[in-house]
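Now for the letters of each chain:
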Amino acid sequence: MRVLVISTDEDLIRVLRSRLEGSGFTVLFSSSLESSFLESGSVVPSLALVDDDAVPDELWQTKKFLGWLHHRSPVFVISQDECSGLGRSCDECFSKPDYLEPLMTSIQALADRLAS
């Protein structure tokens with residue numbers, strides 16, 4: 001399973017890389033939603049994992065990019081503010097700082113569903 005991690009937070013990236021690759025997932029990285037949108041084409045991830053530090057300040061723009069990703073794969077968001085206002089733009093939302101274990105459980109459940 002390919003997981004696209006969209007974040008500018010080096011600590012978060014390091015932790016996710018270690019946990020995801022250690023669990024056997026292929027991990028792709030991008031520094032922003034805009035970059036992910038512009039660089040798309042050849043690789044469609046099985047899951048887009050979006051850190052709220054990599055999203056535009058404008059809610060309408062964030063919804064546009066998340067909606068575009070959401071049509072291609074499930075979207076999980078890691079957020080400081082519990083994803084307020086994102087509605088149906090993501091499948092699951094995880095709150096900082098205690099996101100890691102619930103996130104990994106959800107990713108593994110998704111991987112299991114995709115494998116069956």
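Please read these numbers as outputs of a predicted model, since none were measured by experiment. (Residues numbered from 1 in each chain as written. Predicted model: local features only at pLDDT ≥ 70, side-chain atom pairs only at ≥ 80, totals over all residues. Heavy atoms only, no water.)

Trainee: Just give me the short version of the overall build of the chain, but keep the residues and values in it.
Mentor: For the chain, the helix and strand inventory stands at four helices and five strands. Sequence-ordered secondary structure for the chain, helices as α and strands as β, is β-α-β-α-β-α-β-β-α. Computed over C-alpha atoms, the radius of gyration of the chain comes to 13 Å, within 12% of the 13 Å expected from 2.2 N^0.38 for 116 residues, which places it in the range of a compact globule. Along the first, second and third principal axes, the C-alpha set of the chain runs to 35 × 35 × 25 Å. Considering the chain as a whole, with its 116 residues, one finds that 43% of them fall into the buried category. Total accessible area computed for the chain in this model is approximately 6300 Å², and 49% of it derives from carbon and sulfur atoms. Of note, the chain has its 10 positive side-chain charges centred 7 Å away from the centre of its 18 negative side-chain charges. (Helix = DSSP H or I, 4+ residues; strand = E, 2+ residues; numbered from the N terminus. Rg over C-alpha atoms; globule rule 2.2 N^0.38 Å. Buried < 20%, exposed > 50% of the residue type's maximum accessible area, 1.4 Å probe, protein only. Areas by Shrake-Rupley, 256 points an atom, 1.4 Å probe, with all protein chains shown as cover. Lys, Arg positive; Asp, Glu negative; His and termini not counted. Charge placed at Lys NZ, Arg CZ, Asp CG, Glu CD.)

Trainee: Quick rundown of the sheet that holds strand β5 (residues 92–95)? Include the residues and the values.
Mentor: The strands that make up a sheet are held in pairs by hydrogen bonds between backbone atoms, and each pair lies either parallel or antiparallel. Pairing is parallel in the open sheet, where five strands are placed in the order β2-β1-β3-β4-β5. At either end of the open sheet lies a strand with only one pairing partner, and these are β2 (26–30) and β5. Put simply, the sheet's adjacent strands are angled 20° from each other on average, direction ignored. Across four bridges, strand β1 (residues 2–6) lies against strand β3 (residues 47–51) in parallel orientation. Each bridged residue has a counterpart across the sheet, and for V3 the counterpart in β3 is L47. In this fold helix α1 (residues 10–22) packs onto β1, β2, β3 and β4 (75–79), with an angle of close to 160° to the strand it touches most, β2. (Pairing = 2+ DSSP bridges. Axes fitted to C-alpha atoms, helices over the stretch in contact; angles between N-to-C directions. Contact = heavy atoms within 4.5 Å.)

Trainee: Describe α1, listing the residues and the values that go with them.
Mentor: Between its first and last C-alpha atoms α1 spans 18 Å; for 13 residues at 1.5 Å apiece the expected length is 18 Å, and the two agree. Taken together, the buried residues of α1 touch β1, β2, β3, β4 and α4 (100–115). Within two residues after α1, G24 carries a phi angle of roughly 90°, on the positive side. (Expected span 1.5 Å × (residues − 1).)

Trainee: I'd like to hear about the nonpolar core, residue by residue, with values.
Mentor: Counting 19 residues, the largest nonpolar core has L16, L20, L49, F76, Y99, L103 and I107 as its most contacted members. Elements represented by at least two residues in this core include exactly β1, α1, β3, β4 and α4. Contact partners of Y99, with chain neighbours within four places excluded, come to L12, V15, L16, I78 and F94. Of all hydrophobic cores here, the second largest spans 15 residues; its members include L33, L69, V75 and V77. (Core = buried A, V, L, I, M, F, W, Y, C linked by side-chain atoms within 4.5 Å.)

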